[in-house]
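Okay, here's what each chain looks like letter by letter:
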Amino acid sequence: MIILLNIGNTHTHIAEVKNGKIVSRRKIQTSDLNSKTLPEGLPLAAATVVPDIRIRLKDLNVFWVEPNNVCELDFSQVDNTTLGADRVANLVALSTEYPLPALCIDFGTAITFELLGCGNIVLGGAIMPGRALMRKAMHDYTAQLPLVSVQTPPPDGPGTNTVDQMLLGVDIGLIGAIKELIEVMRDKAGKDLRIVATGGDAEFFTKRLSGIEYAGDDFTLKGILKAWETHKRCK
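Fair warning: this is a prediction, and the values are worked out from it, not measured in the lab.

Engineer: Even after reading the chapter, I still don't get the environment of Ala137, so can you show me in this structure?
Structural biologist: On the secondary structure map, Ala137 appears in helix 3 (residues 131–140). Ala137 sits 75 residues away from Val62 along the chain, and the two C-alpha atoms are 35 Å apart.

Quick look at the structure:
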């Protein structure tokens, strides 16, 4: 058995793996993650976008997903020194779960795009703020705009009040931006690009964007597992 950790800014997904399959999964607040919240005596593989987590778990034997630990991806076309571990895990999952070329869009706090070409060549990507982050930014950096829940749906047409106008600008505006970024990726990778979605806000976008298939909530976890497995073979 191995324990997988997908450690985000807000939440951490913890999964147990038996015989190469994820058999259970739970979610906790990242602020609550420490060595006492994890099973003892089991190998750990993790991807994190929170640098302080490594210090918090420094007493544990953790395989950390990072470009230097992934031997089956070609990073020669990009600068991988600042590439987030969750994005590396998504690329690994793309390389093993889908025909290439393929694009993963991870709808989390930030929306990230990972483009993987034939031959497992990493072609680049994009980063943009997610719906919750844009709402918070408008609230934090203006005097009167309220903080609106992501559960509030956007209007069908032009907004007739401030909240609806914010929802239209953020939610529908993001859909338009994503369409444009997909075309940028398609121009690089080719017309046969496979597009998959993951992340906590994926449902909102996959319902409103055609040509994107849902890869599941455990997509990044699968990438962490595959990175750990291939690292053992490459050693």
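That shown, we press on.
Engineer: Help me understand the side chain of Asn120 in this model?
Structural biologist: Mapped onto the secondary structure, Asn120 falls in the loop between strand 7 (110–117) and strand 8 (121–129). A polar contact is formed between the side chain of Asn120 and the backbone oxygen of Glu72, at a distance of 3.1 Å. Dropping the residues within four chain positions of it, Asn120 is found in contact with Glu72, Leu73, Asp74, Ser95 and Leu100.

Engineer: It is not clear to me how the packing of helix 3 against helix 4 (residues 162–189) should be interpreted in this structure. Could you clarify?
Structural biologist: Interhelical geometry of helix 3 versus helix 4 gives an angle of 145 degrees and a closest axis separation of 10 Å. For helix 3 against helix 4, the interelement crossing comes out right-handed. Residues Arg131, Met134, Arg135 and Met138 of helix 3 touch helix 4, and the partners they reach there are Met166, Leu167, Val170, Asp171 and Leu174. Residues of the contact of helix 3 with helix 4, tallied by class, amount to 6 nonpolar, no polar and 3 charged.

Engineer: How should I be thinking about the sheet that holds strand 2 (residues 11–18) in this particular structure?
Structural biologist: Within a beta sheet, neighbouring strands are joined by backbone hydrogen bonds and run either parallel or antiparallel to one another. The 5 strands lie next to each other as 3-2-1-4-5, forming an open sheet whose pairing is mixed. Strands with a single pairing partner mark the edges of an open sheet, and in this sheet they are strand 3 (21–29) and strand 5 (62–64). Neighbour-to-neighbour, the strand axes of this sheet turn through a mean angle of 20 degrees, independent of strand direction. Sheet topology note: the strand 1 (residues 2–7)/strand 2 ladder contains 6 bridges and is antiparallel. Each bridged residue has a counterpart across the sheet, and for Leu5 the counterpart in strand 2 is Ile14.

Engineer: Can you walk me through the packing of aromatic side chains in this structure?
Structural biologist: Each aromatic ring pair is characterised by the separation of its centres together with the angle its planes make. Considering all chains together, one arrives at 3 aromatic pairs under this definition. Ring geometry for Tyr98 and Phe219: centres 6.2 Å apart, planes at 50 degrees, overall tilted. With Tyr98 in the loop between helix 2 (85–97) and strand 6 (102–107) and Phe219 in helix 6 (residues 219–234), this pair connects stretches of sequence that are 121 residues apart. In this pair, the class of Tyr98 matches that of Phe219, namely buried.

Engineer: What am I meant to see in the nonpolar core here?
Structural biologist: Across soluble globular proteins, nonpolar side chains show a tendency to be buried alongside one another. If you look at the biggest cluster of nonpolar residues, it comprises 32 residues, and the most contacted ones within it are Leu4, Val65, Leu73, Leu94, Phe219 and Ile224. Going through the elements one at a time, strand 1, strand 2, strand 4 (44–48), helix 2, strand 6 and helix 6 are the ones with two or more residues in this core. The element that contributes the greatest number of residues to this core is helix 2, accounting for 7 residues. With sequence-adjacent residues up to four places away left out, Val65 is seen in contact with Ala46, Ala47, Arg54, Val70, Ala85, Val88, Ala89, Ile224 and Ala227.

Engineer: What am I meant to see in the environment of Pro155 here?
Structural biologist: One can find Pro155 in the loop between helix 3 and helix 4. It is 27 Å that separates the C-alpha atoms of Pro155 and Phe113, two residues lying 42 residues apart in sequence. In this view, Pro155 contacts Asp164, Leu167 and Leu168; residues no more than four positions away in its chain are not counted.

Engineer: Would you mind going over unusual backbone geometry with me for this structure?
Structural biologist: Excluding glycine, a negative phi dihedral is what most residues carry, and trans is how most peptide bonds are arranged. Look at the link from Leu100 to Pro101: it is a cis peptide, with omega at 5 degrees. Non-glycine residue Asn120 carries a positive phi angle of around 60 degrees.

Definitions and cut-offs
Residues numbered from 1 in each chain as written. Predicted model: local features only at pLDDT ≥ 70, side-chain atom pairs only at ≥ 80, totals over all residues. Heavy atoms only, no water. Helix = DSSP H or I, 4+ residues; strand = E, 2+ residues; numbered from the N terminus. Polar contact = N/O pair within 3.5 Å; in protein donor to acceptor, adjacent residues only side chain to side chain. Contact = heavy atoms within 4.5 Å. Axes fitted to C-alpha atoms, helices over the stretch in contact; angles between N-to-C directions. Left-handed = near helix turned anticlockwise from the far one by under 90°. Nonpolar A, V, L, I, M, F, W, Y, C, P; charged D, E, K, R; others polar. Pairing = 2+ DSSP bridges. Phe/Tyr/Trp six-rings, centres within 6.5 Å; stacked < 30°, edge-to-face > 60°. Buried < 20%, exposed > 50% of the residue type's maximum accessible area, 1.4 Å probe, protein only. Core = buried A, V, L, I, M, F, W, Y, C linked by side-chain atoms within 4.5 Å.

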